[in-house]
Amino acid sequence: MKFVSLLIFGLAAAVANAAEDPKECEVCVKVMDDIRASLSKEDSKNKPKIEAAMGEYCANKDNKLTAREKKICYYIDPIKRDVAQPFSLGMPSLKVCKRITKNNPEICTVKFPVKTENMEKKDLSKLRVKQLKQILADRGVDYKGLLEKEEFIKKVQETEHLAGGDEF
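As the structure is a computational prediction, the values presented were derived from the model and not from experiment.

Peer 1: Teacher, can you tell me more about the overall build of the protein chain here?
Peer 2: The helix and strand inventory of the protein chain stands at nine helices and zero strands. When its helices and strands are written in sequence order, the protein chain yields α-α-α-α-α-α-α-α-α. Burial status across the protein chain gives 32% buried among its 168 residues. Within the protein chain, counting contacts between residues at least 6 apart in sequence, those at least 24 apart form 60% of the total. Only carbon and sulfur atoms are counted for the fraction: they give 55% of the accessible area of the protein chain, which is about 11400 Å².

Okay, structure coming up:
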């Protein structure tokens, strides 16, 4: 009986891990994937070369990085060695990001902005109020006094012009 209950518990834990949020640590994962793509297979096992690749990526010489990617670079710069260790072992990007989140909990809080310019009202109505509040907060819009979901949707549509850039 104990074995069966442990087996069920193990399966439940496995299902819970598989159902994680796909947007978890999304910016960090993108940065790690970009760094990994810039390395050869041999270099991806060499810690000093991984650290050099991180420095080169974060130097942003061609101005391709968004503000959120620059923020991740700012966070990982002081802990390059801690990032290079699991990276050199071939650990997946999401696990690397989760591991370095122990050093700096803000790493996984950086998210890409929700694109709303092409969303219709019916698409916005599928979002939760919490997500609508986050969109408004990212735009710097005050939403105090709004109670109904429809009011939040209307405010998101009215402030569409504030969603322009990716800068903070």
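Peer 1: What exactly am I supposed to notice about the environment of Cys-58 here?
Peer 2: By secondary structure assignment, the location of Cys-58 is in helix H3 (residues 47-59). Judged by relative accessible area, which is 24%, Cys-58 ranks as partly exposed.

Peer 1: Honestly, the nonpolar core in this entry has me stumped. Any pointers?
Peer 2: The tendency in soluble globular proteins is for nonpolar side chains to be buried as a group. In this structure, Met-32 and Ile-72 are the most contacted members of the largest nonpolar core, which totals 28 residues. For this core, the elements supplying multiple residues, two or more each, are helix H2 (26-37), H3, helix H4 (67-76), helix H5 (80-88) and helix H6 (93-101). Leave out the neighbours within four places in its chain, and Ile-72 touches Val-27, Cys-28, Val-31, Ile-107 and Val-110. With nine residues, the next largest nonpolar core counts Leu-127, Ile-135, Phe-152 and Ile-153 among its residues.

Peer 1: Would you take a moment to explain the packing of aromatic side chains for this structure?
Peer 2: Any two aromatic rings considered together are summarised by their centre-to-centre distance and by the angle between their planes. Overall, the coordinates contain two aromatic pairs when judged by the stated rule. Consider the rings of Tyr-74 and Tyr-75, whose centres lie 6.0 Å apart with planes at 55 degrees: the pair is tilted. On the basis of relative accessible area, Tyr-74 is assigned to the exposed category, the value being 63%. On the numbers, 6.0 Å between centres and 55 degrees between planes, the contact of Tyr-143 with Phe-152 is tilted. The lysine or arginine in question, Arg-36, covers the ring of Phe-87, its NZ or CZ lying 4.3 Å from the ring centre.

Peer 1: Just to check I follow, could you spell out the state of the cysteines for this structure?
Peer 2: Disulfides are covalent bonds that connect the sulfur atoms of two cysteines. Summed over the entire model, instances satisfying the criterion amount to three disulfides. Paired by a disulfide, Cys-25 and Cys-108 hold their sulfur atoms 1.6 Å apart. Between Cys-25 and Cys-108, the S-S torsion sits near 90 degrees, and that sign places the bridge as right-handed. In this pair, Cys-25 is assigned in the loop between helix H1 (2-18) and H2 and Cys-108 in the loop between H6 and helix H7 (121-124), connecting sequence segments 83 residues apart. Residues Cys-25 and Cys-108 agree in their burial class; the two are buried. Each sulfur in the disulfide pair Cys-58 and Cys-73 lies 2.1 Å from the other. Between Cys-58 and Cys-73, the disulfide has an S-S torsion of -75 degrees and is therefore left-handed.

Peer 1: Is there a simple way to think about the confidence of the model for the protein chain in this case?
Peer 2: Detailed conclusions should not be drawn from predicted coordinates in areas where pLDDT is low. On average, the protein chain scores 81 in pLDDT, and the residues at 70 or more come to 78%. Counting contacts from residues 11-19, a segment whose pLDDT is below 50, to residues more than four positions away or on other chains yields zero contacts.

Peer 1: I tried to follow H4 on my own but got confused; where do I start?
Peer 2: Two residues of an α-helix separated by three or four positions point the same way, owing to the 3.6 residues in each turn. Most of H4 is tucked away, with seven of its ten residues classed as buried. As for H4, its buried residues are in contact with H2, H3, H5 and H6.

Peer 1: What is the right way to look at the packing of H2 against H3 in this model?
Peer 2: Angle between the axes and distance between the axes: these two values describe a pair of packed helices. At their nearest, the axes of H2 and H3 sit 10 Å apart, and the two run at 115 degrees to each other. Helix-helix and strand crossings are classified by hand; for H2 and H3 the assignment is right-handed. Contacts between H2 and H3 involve Lys-30, Val-31, Asp-34 and Ile-35 from the former and Ala-53, Met-54 and Tyr-57 from the latter. Taken together, the residues of the contact of H2 with H3 break down into five nonpolar, no polar and two charged.

Conventions used here
Residues numbered from 1 in each chain as written. Predicted model: local features only at pLDDT ≥ 70, side-chain atom pairs only at ≥ 80, totals over all residues. Heavy atoms only, no water. Helix = DSSP H or I, 4+ residues; strand = E, 2+ residues; numbered from the N terminus. Buried < 20%, exposed > 50% of the residue type's maximum accessible area, 1.4 Å probe, protein only. Contact = heavy atoms within 4.5 Å. Areas by Shrake-Rupley, 256 points an atom, 1.4 Å probe, with all protein chains shown as cover. Core = buried A, V, L, I, M, F, W, Y, C linked by side-chain atoms within 4.5 Å. Phe/Tyr/Trp six-rings, centres within 6.5 Å; stacked < 30°, edge-to-face > 60°. Lys NZ or Arg CZ within 6 Å of the ring centre and 35° of its normal. Disulfide = S-S within 2.5 Å. pLDDT = per-residue confidence, 0-100. Axes fitted to C-alpha atoms, helices over the stretch in contact; angles between N-to-C directions. Left-handed = near helix turned anticlockwise from the far one by under 90°. Nonpolar A, V, L, I, M, F, W, Y, C, P; charged D, E, K, R; others polar.

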